[in-house]
Amino acid sequence: MSTPSIQVDSFWLPKASSTIAPSIDSAYYLVYWVSLFFFLLIVGLMVYSAIRFRRRREDQVGRRVRQSLALELAWTIIPGIMLMVLFAVGVTGFVDSRVAPGNALEVQVTAQMYSWNFTYPNGTTSAELVVPQGRPVKLVMSSTDTIHSFWVPEFRIKQDVVPGMYTSIWFEAPEVMKAALLCTEYCGVGHSTMTTTVNVMDAAKFKTWLDNGGTEVELSPVEAGKKIFAERGCGGCHSTNGTRMVGPSMKGLWGHTAEIEGGGSAKVDENYIRESLLTPGAKVVKGYPNVMPTFQGLLKDKDIDAVIAYLKTVE
Ligand code: CUA
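Conventions we followed
Residues numbered from 1 in each chain as written. Predicted model: local features only at pLDDT ≥ 70, side-chain atom pairs only at ≥ 80, totals over all residues. Heavy atoms only, no water. Pairing = 2+ DSSP bridges. Helix = DSSP H or I, 4+ residues; strand = E, 2+ residues; numbered from the N terminus. Phe/Tyr/Trp six-rings, centres within 6.5 Å; stacked < 30°, edge-to-face > 60°. Buried < 20%, exposed > 50% of the residue type's maximum accessible area, 1.4 Å probe, protein only. Lys NZ or Arg CZ within 6 Å of the ring centre and 35° of its normal. Contact = heavy atoms within 4.5 Å. Axes fitted to C-alpha atoms, helices over the stretch in contact; angles between N-to-C directions. Parallel < 35°, antiparallel > 145°, perpendicular 65-115°, else oblique. Left-handed = near helix turned anticlockwise from the far one by under 90°. Nonpolar A, V, L, I, M, F, W, Y, C, P; charged D, E, K, R; others polar.

Draft legend 1. Structural context of the sheet that holds strand β2 (residues 115-119). Read across the sheet, five strands follow the order β3-β2-β1-β5-β8 without closing on themselves; strand pairing throughout is mixed. The strands lining the two open edges of the sheet, one partner per strand, are β3 (125-126) and β8 (167-171). Alignment of strand β1 (residues 105-112) against β2, held across five bridges, turns out to be antiparallel. Bridge assignment links A111 to a residue of β2, and that residue is W116.

So this is what it looks like as structure tokens:
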């Protein structure tokens, strides 16, 4: 897989790599340390009291405790003020993370079992989220099938992606880096493969990438096909080692004649692969469910060529 691993630079949280990440982390740690302080204080006093004031003789009875107005006011007002502080920190952080700056680059995100697709204002599409360094990026997201959830741990942003409506989130990455992008809502058997990369480029490199329609480096067709297979989540349903999953394995597929659901057979060649990517329901292999989503509009002809070239090599 082309997904980079998450960079962990402390025991607690992964590297904070977006402009809002530090404020989200400080809100988190504020709640964390306040909770830890009160946990130790309360449990400490409880344990101390249980030992210090334990019953020592059979006939011993407890002393009657009278109420203390000062104590009751203190343990109401002090936590009340603390909760207001936490609320203020939380609500400002929430608003900051939801409202994108006006100059943000807008990218459309489409989630589909089990891949991500990113569409840029000039029509460029990509299976990797490529963004310029130091500029806010606003994501407008929707799903073609079920609920997915967009998550970049190093940016501290997470948002559900839902069919039939748009959700939105934004971030700004100040450094050139690669970060892992995960689906964090269980969406089916291939959920764990629904990962890709956020590739933060310097502004000039990003412009070149965008102007060239999203091509960064020239890969050989087999390498490009392998990358597409991984990035588009094909591996969520199709193994490459012969294991039976939701869909047929790709191992030894090429040139094989498959029995088709509803009668007849089909030889697995260029046209069969192309048809299966664009109109998956046309010729479903016998014994498998007709559940594959279409890649119409997501894969260009050259991408389909690359997938074919790669599948020929899976023996
Ligand atoms: Cu998409 Cu989990």
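Anyway, onward from the coordinates.
Draft legend 2. Spatial organisation of the packing of aromatic side chains. For the coordinates displayed, the defined rule picks out twelve aromatic pairs. With a centroid separation of 5.3 Å and an interplanar angle of 75°, the aromatic rings of Y28 and Y29 are classed as edge-to-face. Judged by centre distance (6.3 Å) and plane angle (55°), the rings of Y120 and F206 are tilted. You can see Y120 sitting in the loop between β2 and β3 and its partner F206 sitting in helix α3 (residues 203-211), a full 86 residues away along the chain. Residue Y120 shares its accessibility class with F206, and that shared class is buried. Within the aromatic cluster, the residues linked to one another by ring pairs are Y28, Y29, Y32 and W33. Stacked on the ring of W151, the Lys or Arg K158 has its end atom at 4.7 Å from the ring centre. The ring of Y288 has R244 sitting right over it, with the charged end atom 4.1 Å from the ring centre.

Draft legend 3. Region of interest: the environment of G134. Structurally, G134 is set in the loop between β4 (129-132) and β5 (137-143). The class for G134 is partly exposed, based on a relative accessible area of 42%. When sequence neighbours within four positions are dropped, the list of residues in contact with G134 reads E172, A173 and P174.

Draft legend 4. Spotlight on the packing of helix α5 (residues 270-278) against helix α6 (residues 301-313). Relative orientation of the contacting elements α5 and α6 amounts to 125°, with a least axis distance of 10 Å. Considering their axes alone, α5 and α6 lie oblique with respect to each other. Of the two possible hands of crossing, α5 and α6 adopt the one that is right-handed. In this structure, α5 uses E270, I273, R274, L277 and L278 to contact α6, whose residues at the interface are D301, I304, V307, I308, L311 and K312. Broken down by class, the residue content of the contact of α5 with α6 amounts to seven nonpolar, no polar and four charged.

In short, shape yes, function no, at least from these values alone.
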